[in-house]
Structure formats: structure tokens, C-alpha cells
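Chain by chain, the residues run as shown.
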Amino acid sequence: MTTLLKNLKVLDLSRVLAGPYCAQLLADQGADVIKVENPGTGDENRVWGARASDGITANFHSVNRGKRGITLNLKHAAALDILKKLIAKSDVVIQSFLPESAQRLGVDYDAVRAIKPDIIYCSVNGYGPNGDMHNKAGYDLMMQAFSGVMSTTGYEGEPPVRVGISCIDMTTGITAYGGIVTALVKRMNGGGGSHVTVSLLETAISLLGYHAVSWLQAGKLPTREGSGVWHLVPYQAFMCKDSYVLVGATNDAAWRRFCDAIDRNDLDADERFHTNDQRLKHRAVLVPLLEAILATNTVAHWIERFDAKGVAASPINKLDQVLYHPQVAANHMVVPVTDREGRQFPTIGTPFKLSGDASYATRAAPPLGADTVEVLRSELGLDGAAVAKLREQGAL
């Protein structure tokens with residue numbers, strides 16, 4: 001485990017994916033992250049998805065490694081007092097309450113800044129900190145719909161299709177990490193604390209990328225093209241003898257190499273297909289021709305041919321194929337973590353490395369409230385009797 005952020009204390013009040021993933025990335029770099037959950041139920045992510053052998057869901061494991069876990073009943077005055085004491089000792093607070101809820105609990109930015117003036121405070125919400133919808137709850141799938149992402153996904157004329165991964169949530173977590181690290185640099189240079197605001201909406205709009213700019217600058221709305229893209233042909237999945245291959249000609253030179261690879265240089269000589277503009281006009285003719293050709297052999301055959309000609313191509317892997325692929329292993333993207341019983345679980349590595357260092361937090365996600373006693377002792381100096389009293393009162 002790296003120690004780059006070893007002196008950083010982070011209080012993670014967030015739940016589900018975006019905020020917890022951000023906090024996990026900080027833990028991967030050595031930060032001391034304390035995750036705060038409700039007693040009894042905890043983060044709702046604890047009940048979503050398949051369960052590992054320790055009884056904790058894979059969903060929860062995926063974004064909570066390297067953290068110490070405590071429970072606080074934030075509706076209880078004594079618990080709020082503990083929380084404020086932990087805030088006073090923290091460098092970073094991450095929360096995903098609705099703005100009205102944060103204010104009611106006394107953990108909004110102004111309240112937290114009054115406790116710790118140089119705090120880096122990161123709020124994660126659905127629809128952004130401003131506007132009439134700022135207090136509306138948001139989830140990844142809801143935001144795929146609202147942001148227009150879903151309108152770009154699937155096949156034209158068929159029902160809307162969600163992106164198969166929680167890309168908006170997870171990217172919001174990465175964005176929050178970037179915002180927090182930027183704010184830490186600002187503070188290090190004398191700029192004081194900061195309120196870092198991120199939202200699923202802002203992330204989703206940024207991910208629209210060239211689709212959004214095409215509409216804003218050229219009045220062009222994207223069409224849904226299934227596995228392909230509207231502005232390049234060929235660039236999509238094709239069925240081979242045994243499975244699908246994704247292959248594309250990203251420019252006219254690549255198209256000529258594509259034709260070489262399939263032994264059909266006559267297609268490039270055909271004026272209907274010679275340039276991408278022409279291929280776009282005649283997509284309905286060209287794609288069936290290519291489908292018939294690629295169906296004559298296996299994925300492995302065509303990958304070998306395309307690779308030899310420098311044409312971008314990939315098998316369409318399932319997770320049981322890609323997660324054991326040597327290229328994934330070589331880049332340390334499946335790594336082991338160890339729970340408190342000494343059991344090991346495979347999980348996903350950190351998506352960036354510093355100078356090739358593939359360090360990450362090796363401790364598995366905590367069981368609910370597993371570190372409450374230890375944290376209250378080490379951080380606030382509370383003894384066993386004081387903790388027992390808090391439990392009796394219902395604060396823990």
C-alpha cells in the first residue's frame with residue numbers, strides 16, 4: 001500500500017457508489033478513511049448485488065476497501081457531537097446527503113467549515129448544487145435517462161437501453177477525487193479550504209462529449225447505432241462463425257488496410273465505398289456485405305488478420321474472459337484484498353499508477369460498524385465504558 005496520502009484524514013459520509021469510490025481512491029493512496037453508516041442498515045449498497053463469502057455484497061466491496069467503518073445514529077445528539085469531533089480532526093469530508101438533509105443534520109458546508117475552517121468538503125449530489133432540482137435525489141440510471149446518455153444507446157426505433165455499467169456514478173467518483181486533490185494542492189499553497197461540488201448531472205453532461213458539441217455547434221443530434229457510431233463506417237460488431245468481433249476503419253487509410261485483411265480490395269475500388277463520406281451514404285449496402293464476409297470464419301482468425309494489417313479490432317469479451325486476460329493482469333487491474341478473518345478476495349485495482357507503482361489499499365471493505373470502538377478510542381480517546389453508554393443511548 002502506498003503512503004503518499006498517509007497523513008490525510010478523510011471522513012466518508014457518502015453512500016452507494018460515487019462518493020464511496022472517491023473515498024476508496026483516497027484510501028488507495030494511503031489516506032486514513034473513516035466510513036460512517038447508520039446503525040442496523042448501513043449504506044444501502046450493502047444489500048445490492050451478489051454476496052462474497054464474508055456475507056458482504058460485491059457492490060459494497062467494489063468501492064469501500066481500505067476504510068475503517070463506524071456506525072453513528074445521526075438523529076441522536078450524542079452521535080452528532082461525536083461526528084463534529086471527528087470533523088475537527090479531518091482534512092476531507094465527503095457527503096452525499098440531499099442539501100436540505102445536510103443542513104438539517106448540521107453537516108452542510110457552512111456548519112462543517114465553522115468546525116474546521118480549512119476543511120476540504122466534497123458534496124456529491126444528483127442534479128447539481130444549483131437550480132430548482134438541486135434537492136432531487138439522483139441515481140446512475142435516472143441520470144442516464146435525464147442527461148440524454150440513454151438517447152444515444154441501443155438501436156434506432158427500439159426501446160431505450162441503459163449503459164450496462166454504472167458509468168456516471170463511477171466517473172463522478174473519479175471527478176470528485178480530482179476535485180479533492182486539486183483543493184488539497186490549493187490549500188497546500190495557502191488557499192485555505194474549499195467546497196468541492198460534483199454531481200451525476202454535471203458528470204453525465206461532460207461525458208456527452210462530441211455528441212453534445214455536435215448538437216451545440218452543428219445542430220446534429222446523434223442517432224442510435226447499436227454497436228457502431230453514426231459518423232464512421234465500418235466501425236461496429238460483426239458476427240463471425242463463433243462469436244462477435246468489433247472492428248473499425250477509423251479513416252480511409254485504415255479502410256484500405258481493412259479491405260486487404262479480408263482480401264476484398266475490390267470494395268475499396270468501388271466508388272460507393274472509397275471514402276468515409278461515401279461509405280456513410282451507402283451504409284445499408286456495405287454493412288450486409290461485410291457481415292457475410294466476416295461470418296465465414298472465426299473471431300480468432302479475423303483478429304489475427306486485422307492485427308497483421310494494423311486495423312483496430314477486438315473480440316467482444318465477457319467478464320469471465322477479460323478479468324483473467326494476461327493484459328489485465330500485467331497492468332494490476334485484478335488484485336487481492338484481505339478481510340479481518342484473513343480471507344482473501346479478488347477485486348479491481350486502481351485505474352491510475354504513479355511511476356508504475358500499482359499500490360492500493362489491501363484491506364477489504366469493513367463489516368458494518370466493525371471499527372466503531374477502535375475509532376472512538378484512537379481518534380477521540382473514549383474508553384469502553386463511554387462507548388457502552390453511547391450504545392445504550394442509541395447513538396451507535
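The structure presented is a predicted model; accordingly, all values stated were derived computationally and were not measured.

**Student:** Is there a simple way to think about the pattern of salt bridges in this case?
**Tutor:** Between side chains of opposite charge, a pair can form when the charged atoms approach closely. In this structure the tally under the stated criterion is 24 salt bridges. D12 is paired through a salt bridge with K35; the nearest N and O atoms lie 3.9 Å apart. A residue pair is termed long-range when its members are at least 10 positions apart, and D12 in strand β1 (residues 9-12) and K35 in strand β2 (residues 32-37) qualify at 23 residues. Residue classification places D12 among the buried positions, given a relative accessible area of 0%. R340 serves as the salt-bridge partner of D371, at 2.6 Å between the closest nitrogen and oxygen. Of this pair, D371 sits in the loop between β11 (344-348) and α17 (372-380) while R340 sits in the loop between β10 (334-338) and β11, and the two are 31 residues apart along the sequence. Through salt bridges that share partners, K9, D32, R68, K89, E374, R377 and E379 make up one connected network.

**Student:** Just checking my understanding: could you explain helix α8 (residues 200-207) for this structure?
**Tutor:** Given 3.6 residues per helical turn, the α-helix brings residues three or four places apart onto the same face. All of the buried residues in α8 are L200, L201, T203 and A204. When α8 is viewed along its axis, its buried side chains cluster within an angular range of 165° and face the same direction. For α8, the elements touching its buried residues are α1 (18-28), β5 (120-125), α6 (140-146), α7 (167-188) and β6 (194-199). Directly beyond the C-terminal end of α8, a positive phi value near 50° is found at G209.

**Student:** Would you mind going over the nonpolar core with me for this structure?
**Tutor:** When a protein is soluble and globular, its nonpolar side chains tend to lie buried together. Counting residues in hydrophobic clusters, the biggest one holds 37 residues, and the most contacted among them are V10, L26, V92, I94, C122 and I180. Those elements that provide at least two residues to this core are α1, β4 (92-95), β5, α7, β6 and α8. The contact partners of I94, leaving out residues within four places of it in the chain, are V10, L11, D12, L13, S14, G19, C22, A23, L26, C122, V124 and I180. Ranked by size, the runner-up nonpolar core spans 28 residues in total, among them L86, I87, Y109 and Y121.

Criteria and thresholds
- Numbers given to residues run from 1 along each chain, matching the order in which its sequence is written.
- Under the rules for a predicted model, residues below a pLDDT of 70 receive no local features and side-chain atom pairs below 80 are neither given nor counted, while totals for whole chains, interfaces and linings still include all residues.
- Values reported for side chains reflect all heavy atoms of the structure, with hydrogen atoms and water molecules removed beforehand.
- A carboxyl oxygen of Asp or Glu within 4 Å of a side-chain nitrogen of Lys or Arg is what we treat as a salt bridge.
- A helix here means a DSSP run of H or I that spans at least four residues, while a strand means a run of E at least two residues long, and both kinds are numbered starting from the N terminus.
- Type-normalised accessible area, obtained with a 1.4 Å probe on protein chains alone, sets the label of each residue: buried when under 20%, exposed when over 50%, and partly exposed for intermediate values.
- Note that the arc is defined by the directions from the helix axis to the C-beta atoms.
- Contacts were defined at the residue level, with two residues in contact if any of their heavy atoms lie within 4.5 Å.
- Residues belong to one nonpolar core when they are buried, are Ala, Val, Leu, Ile, Met, Phe, Trp, Tyr or Cys, and are joined through side-chain atoms within 4.5 Å.

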